[in-house]
Each structure stands twice: as C-alpha cells, then as structure tokens.
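# What the coordinates show
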Amino acid sequence: MGSLLITVSQVLILALEIGTGYVLAKRGKISADAVGILNYLCSNLALPCAIFLSAAGLELTADSWGEVRLGVALIIASAIVQIGVSTRLFRKERFEERVVYQLGTVYGNSAFMGIPIATAVIGDEAVLYVVLLMIIDTVCLFIHSSLAASGQKPTARMIAAKVFGPVTISLLLGLAVCLLRIPLPGIINTGLNDFRGILTPLAMLIIGAQLAEQDLLHICREKLFYKVAGVKLVVWPAILLRCFLPLRGVVSLAAVGAIMICKGTPQAAILGVLAKRHGLDGEKAAGLLGLTTVLSVVTLPVITGVTLVVFGG
C-alpha cells in the first residue's frame, strides 16, 4: 500500500508540473523557441548528469552483472514481441496513419518520465535498466520507423549517431567511475547533482508546453486514439506483467520495475519528428502524444503500484 501511495503522489507531482508548463505555454510565457532550448538543456545536460550519477553510484558485483544480463534479455525479448505484434494492428487504416499507430503502441517516453518515476519509487539501481531500455528502444525505433515508413534502409552511421549520444556516453562514463571506484571531487559531485535536480521539473514543463500546442478537445474526440492508447498504456503492460510473474525471485525488482514503468509511459515524443521525416501523419503522432500523456496520469500509478506489490513483496 505504501508503494502505491508513493507512486500516486509522484505521478500527481508530475501532473502538476505538466499542468504548470501547459498554463505557462497557453499564456505565452513559454514560446516554441523556448521549448526547443529547454528540450536541448534537458536532453544534453540534465539527463546525462542524472544518468552519470546513477551509474557511478551503483554497487556492481558478479551477481549483479548476471541480473543485468537477464534484464537486458527481457528488454530485447519484449521489444521483439511488441514490434512483431504491432505490424498486425490497425491494418485497415491508411498507410500514413497506420504506421504511426503501430509505432505508437510500442515506444514510450522513457527518458522524460521513466527515469523520474523509476528513481522515485525504486531507486537509482533502476536507472541502469531504464537507460539500457532507452538505448535498445532507440535502435529499434529508428530501424522500425525507417523500414515501416519509407523502405529506407537504416545505415550503421545513422544508428550510431543516434545511439552514441549524451545518454550512452554518460552511462559509459558513469559505469567506468563505478567499476574503477573513482571518487568524484565534492565540487563536481555537487554541480552534477544540481543539474540532476532540474531534470524532472524541466522535462515535465516541456511536456506541458508541448501539450499546449495541441487541440485537446479534438484529440479527445478521436475514438481510434483511445484504441492505440489502450494498447500502449494498458494491454502491453498487463501482458508483460503476466509474462514476468514466473520470474518472481529470479529477476530483480529494479529490472522488472524499470521495464514496466517504461512500457507504461506515454508515446515517445520523438515519434512526431520521425513521422514528419518519413512523410507520415505528424498530426496524428502529436495527438497520440497528447492523449497518452493525459491518460498516463491514471494508468501509470496503477501499473507501477501493482508491479511493486507483486515483485517487491
């Protein structure tokens, strides 16, 4: 019960921060240019600092590396199954919409919402799995969208440019500090912690500002959006939770909790950018982002709470 209350309170805080960003953007206090700047700071400064400190603070042993390998195997298996099933969904819709809906059921907003929630309810040990899931999902998303949308073959250079960015580099540096047991000078540690502290509110302000650009009333009238959101926010987490049940006591709570939280997050924000790049329906992608973000305020606490009760007991 305590875990559920922690989860609910954390998501309510996130909802309040999203609402603040929404109101400020609606009143013209946060412009589109400002959102771009905030997004850059969040992705290239606050997020890498949070990942680096989480990885650097881990206590990795021979046993924990075995848990990490098992966690990665579950992440990859989950992605393969989701991608395979998604290609069979929404096949009656026109091509430009169908691909967006299929991608929208698989990929979540793990960076902006997965890390804050996983850290709050599980701890820093869950961040490693969130970041590994983000890296694997990034590879899958760029390959999946490229092949499904335009038939364009993704190049190794393109994938490397997307994967080996600030997130991956900060993870590798943090792991190096952890494994080599390098002590961080106090002034550097304090500075990194200060930047980590702005990650969650900054990310939520950005999401709220992005929602302000959407016609929420129109989005709420799109019946098909609810089907996509239902698959993304409810059906997949429920299926994964059921599949993970036999692994209680084998897989760590950090691994299962991170996967469940990330799979229960709203649609990936980058999907809108990829949709426009590949000539798909970018407006549908933006609308799905808005609806899944709003609905996740209700679904995420339930998913996270149930996961903690089942696997944390």
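Along every chain, residues carry numbers that run from 1 in the direction the sequence is written. For a predicted model such as this one, the threshold for reporting local features is a pLDDT of at least 70, and the threshold for listing and counting side-chain atom pairs is 80 or more; totals across whole chains, interfaces and linings nevertheless cover every residue. Remark: hydrogens and water are excluded; side-chain values derive from all non-hydrogen atoms of the structure.

As named in an unreviewed UniProt entry, the chain is AEC family transporter, taken from Candidatus Enterocloster excrementipullorum.

### Regarding the overall build of the chain
Here a helix means four or more residues in a row that DSSP labels H or I, a strand means two or more in a row labelled E, and each is numbered from the N terminus. Broken down by element type, the chain carries 15 helices and zero strands. This radius of gyration counts C-alpha atoms alone. The globule rule is 2.2 Å times how many residues there are, raised to the power 0.38. Relative to the 2.2 N^0.38 estimate, which gives 20 Å for 313 residues, the radius of gyration of the chain is 19 Å and therefore close to what a compact globule would have. For the chain, the C-alpha atoms occupy an extent of roughly 55 × 45 × 45 Å along the three principal directions. Whether a residue is buried, partly exposed or exposed follows from its accessible area with a 1.4 Å probe, protein chains only, as a fraction of its type maximum: under 20%, in between, or over 50%, in that order. Classification of the 313 residues of the chain by burial places 50% in the buried group.

### Structural notes on the UniProt feature "transmembrane region" (unreviewed entry) in the chain
UniProt's entry tags residues 6-25, 37-58, 70-90, 99-122, 128-151, 163-183, 253-274 and 286-311 with the feature "transmembrane region" (unreviewed entry), counted in the numbering of this structure. A helix fraction of 91% and a strand fraction of 0% characterise residues 37-58, whose end C-alpha atoms lie 31 Å from each other. For the annotated span residues 286-311, helix accounts for 100% and strand for 0% of the residues, and the straight-line distance between the end C-alpha atoms is 34 Å. UniProt positions are given in the numbering used here, feature names are shortened, and annotations may be inferred rather than shown by experiment.

### Quick look at the pattern of salt bridges
By salt bridge we mean one thing: a side-chain nitrogen of Lys or Arg within 4 Å of a carboxyl oxygen of Asp or Glu. Considering all chains together, one arrives at four salt bridges under this definition. Close ionic contact of Glu96 with Arg94 constitutes a salt bridge, the shortest N to O distance being 3.3 Å. Exposure remark for Arg94: the relative accessible area of 43% places this residue in the partly exposed category. Salt-bridge contacts for Arg94 lead to Glu97; the nearest nitrogen and oxygen are separated by 2.9 Å. Bridged by salt links that share partners, the residues Arg94, Glu96 and Glu97 form one connected network.

### Let's talk about the confidence of the model for the chain
Per-residue confidence for the chain averages 82 on the pLDDT scale, and 90% of its residues sit at or above 70. pLDDT is a per-residue confidence score from the predictor, ranging from 0 to 100. When the elements of the chain are averaged for pLDDT, helix H7 (residues 156-163) gives the smallest value, 65, and helix H12 (residues 223-244) the largest, 92.

### Digging into the environment of Pro301
Considering the arrangement of structural elements, one finds Pro301 in helix H15 (residues 282-311). We classify Pro301 as buried; its relative accessible area is 6%. Between the alpha carbons of Pro301 and Val11 there is a distance of 6.6 Å; along the sequence they are 290 residues apart.

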